[in-house]
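Next come the chains, spelled out residue by residue.
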Amino acid sequence: MIDVETVIADTRRLISIESTNPGVLEGACADWIEERLRGLGLDPLRHPVEPGRDNLSVVIPGRDRTAPRFVLVAHMDTVPIGAGWTRDPFGGEIEGGLLYGRGACDMKAGLALTLGLLDALVRTGATPASDVVVFYTVDEEAPGMLGAHALVADGLLRPDDQILAPEPSGMRLRIAQMGLRWVTLEVTGRMAHAGRAHLGTNAAHVMAHIIVELESAFAALPFEDEILGRARFTCGVVQGGVATNVVPAVCRAELDLRVVPPLTPEDAVRIVERVATDVVRRYEDAGFTLEPLGARRPPVRAADESGIVRTLRASYARVAGRPAEIGGADGHEAYTDSAMIAALTGSTSSTVLGPGATDQAHTADEFVPIADLELGSALLWDMVTTW
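This text gives an overview of the structure that appears in the document. Please read these numbers as outputs of a predicted model, since none were measured by experiment.

### Description of the pattern of salt bridges
At step 1: A full pass over the atoms with the stated rule returns 30 salt bridges.
At step 2: For aspartate 43, the salt bridge is made with arginine 38, and the minimal N-O distance between the two is 3.1 Å.
At step 3: For aspartate 43, a relative accessible area of 54% corresponds to the exposed category.
At step 4: One salt bridge connects glutamate 254 with arginine 252, and the closest N-O pair in it is separated by 2.8 Å.
At step 5: Each of Asp31, Glu34, Arg38, Asp43, Arg46 and Asp54 takes part in salt bridges that share partners, so that together they form one network.

### Notes on the nonpolar core
At step 1: The biggest cluster of nonpolar side chains holds 64 residues, and the ones touching the most others in it are Ile33, Phe70, Leu117, Leu118, Tyr136, Leu164 and Leu380.
At step 2: Of all elements in the fold, only helix H1 (4-16), helix H2 (27-39), strand E2 (53-60), strand E3 (70-75), helix H3 (104-124), strand E6 (132-137), helix H7 (307-320) and helix H9 (370-385) reach the threshold of two or more residues within this core.
At step 3: With 12 residues, H3 is the single largest residue contributor to this core.
At step 4: Once residues within four sequence positions are removed from consideration, leucine 117 is found in contact with Ile2, Phe70, Leu72, Val132, Leu380, Trp381 and Val384.

### So, the side chain of aspartate 54
At step 1: Of note, aspartate 54 is situated in strand E2.
At step 2: Accessibility expressed as a relative area gives 15% for aspartate 54, which makes it buried.
At step 3: Residues in contact with aspartate 54, not counting those within four places in the same chain, are Arg46, His47, Pro48, Val49, Met76, Tyr136 and Val138.

### Quick word on the sheet that holds strand E13 (residues 232-240)
At step 1: What the 4 strands build is an open sheet, ordered E13-E15-E9-E16; its pairing is antiparallel. The open sheet has two edge strands with one neighbour each: E13 and strand E16 (287-297). Mean inter-strand twist for the sheet, computed between neighbouring axes without regard to direction, equals 20 degrees.
At step 2: Sheet topology note: the strand E9 (residues 179-188)/strand E15 (residues 250-259) ladder contains 10 bridges and is antiparallel.

### Focus: the packing of helix H4 (residues 146-153) against helix H8 (residues 337-345)
At step 1: Look at H4 against H8: their axes get within 9 Å of each other, and the N-to-C directions meet at 40 degrees. Relative to H8, the element H4 lies oblique. The two elements H4 and H8 meet at a crossing, and its hand is right-handed. Between H4 and H8, the residues in contact are Ala148, His149, Leu151 and Val152 and Asp337, Met340, Ile341, Leu344 and Thr345, respectively.

### Looking at the sheet that holds E3
At step 1: Here 6 strands make up an open sheet; going across it, the order is E1-E2-E6-E3-E7-E18 and the pairing mixed. With one partner strand each, in any of the chains shown, strand E1 (45-50) and strand E18 (350-352) form the two edges of the open sheet. Across the sheet, the axes of successive neighbouring strands diverge by a mean angle of 20 degrees, strand direction being ignored.
At step 2: As paired elements, strand E7 (residues 162-165) and E18 share 3 bridges and run parallel to each other. Within the sheet, the bridge partner assigned to leucine 164 lies in E18 and is threonine 351.

### Some thoughts on the packing of aromatic side chains
At step 1: Scanning all chains against the criterion turns up 3 aromatic pairs.
At step 2: Over the aromatic face of tyrosine 100 sits the side chain of arginine 87, whose NZ or CZ is 3.8 Å from the ring centroid.
At step 3: Note that arginine 297 overlies the ring of tryptophan 182, its terminal NZ or CZ placed 4.7 Å from the centroid.

Conventions and cut-offs
Residues numbered from 1 in each chain as written. Predicted model: local features only at pLDDT ≥ 70, side-chain atom pairs only at ≥ 80, totals over all residues. Heavy atoms only, no water. Salt bridge = Lys/Arg side-chain N within 4 Å of Asp/Glu carboxyl O. Buried < 20%, exposed > 50% of the residue type's maximum accessible area, 1.4 Å probe, protein only. Core = buried A, V, L, I, M, F, W, Y, C linked by side-chain atoms within 4.5 Å. Helix = DSSP H or I, 4+ residues; strand = E, 2+ residues; numbered from the N terminus. Contact = heavy atoms within 4.5 Å. Pairing = 2+ DSSP bridges. Axes fitted to C-alpha atoms, helices over the stretch in contact; angles between N-to-C directions. Parallel < 35°, antiparallel > 145°, perpendicular 65-115°, else oblique. Left-handed = near helix turned anticlockwise from the far one by under 90°. Phe/Tyr/Trp six-rings, centres within 6.5 Å; stacked < 30°, edge-to-face > 60°. Lys NZ or Arg CZ within 6 Å of the ring centre and 35° of its normal.

So, in structure tokens, the structure goes:
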């Protein structure tokens, strides 16, 4: 069995190691994980992604080295700390059954579960039915998701790998993940004195008009997925202008476009192009450019009959005494390494279930329930021993 106290201790230690992205990044966290694995007698490998940023991999051989592997993927980076904390973001405090800190649920608790599984396999001397492989990745929290791309580009994955990312899902099975595309929209106009604003073309006003119409356009889309819901639009960043009394000639926005089948990321970009084209033609001297930001992320779904989903469901029912829940507040709007691997490889055997809820991820006073670590520990052990 996985020792829950060890998992809790590892989660707290991982929280104490800053790995913010953007920020100090994952170097110190990767060093600690490598040392922890070598302390178990394992031989982890480093796979360079960028200078100072390495993915890690470790394998415990199974009885059948040719059988589909049980693959766990856990990212080492967290989002920046941000404001509003009432607790030490690196303190790993425990109160009322909750463990607090930056990355507590996203995803150092899930990462600690993988360490707990490896620790238990070594400690008990158990030989799994097939290889158990764990990948620790960089850059999951960034637009490019470089770690997941590198796993695929480096040929470290096999077509029949059964992949689980223990990302925060409220311990629900995230069998599908919403697609998304980030884009940068830049609107140009003509600068003028604000007192003579009629002589200029206000790029900020044009941008505001585009944003309002995009919100309506996405809300009007007729597609609704039974798990993922409806497409969504968010303008996350708007920048423009040089002074209060100057009509701005340039305004830049970063847009988050979330899509559900049958929509593709390209469909979402075409909607932006259509709306922006329609708006700028109403303004003299207005124009726009549109550029992709980060990686393309189509919607993905694991197959019900895949080995990872069938095993996970069976183990969950045995351990929890109830079926695994799907959908709802499971964070299917987020995009994980599991989803990116599926998008890049076409795998339908890549899914998500893990401790903590997405509602707590990226927040001040982020936390993970200890109960999720207990259930996650029992679940992973049951999966491996019944694989």
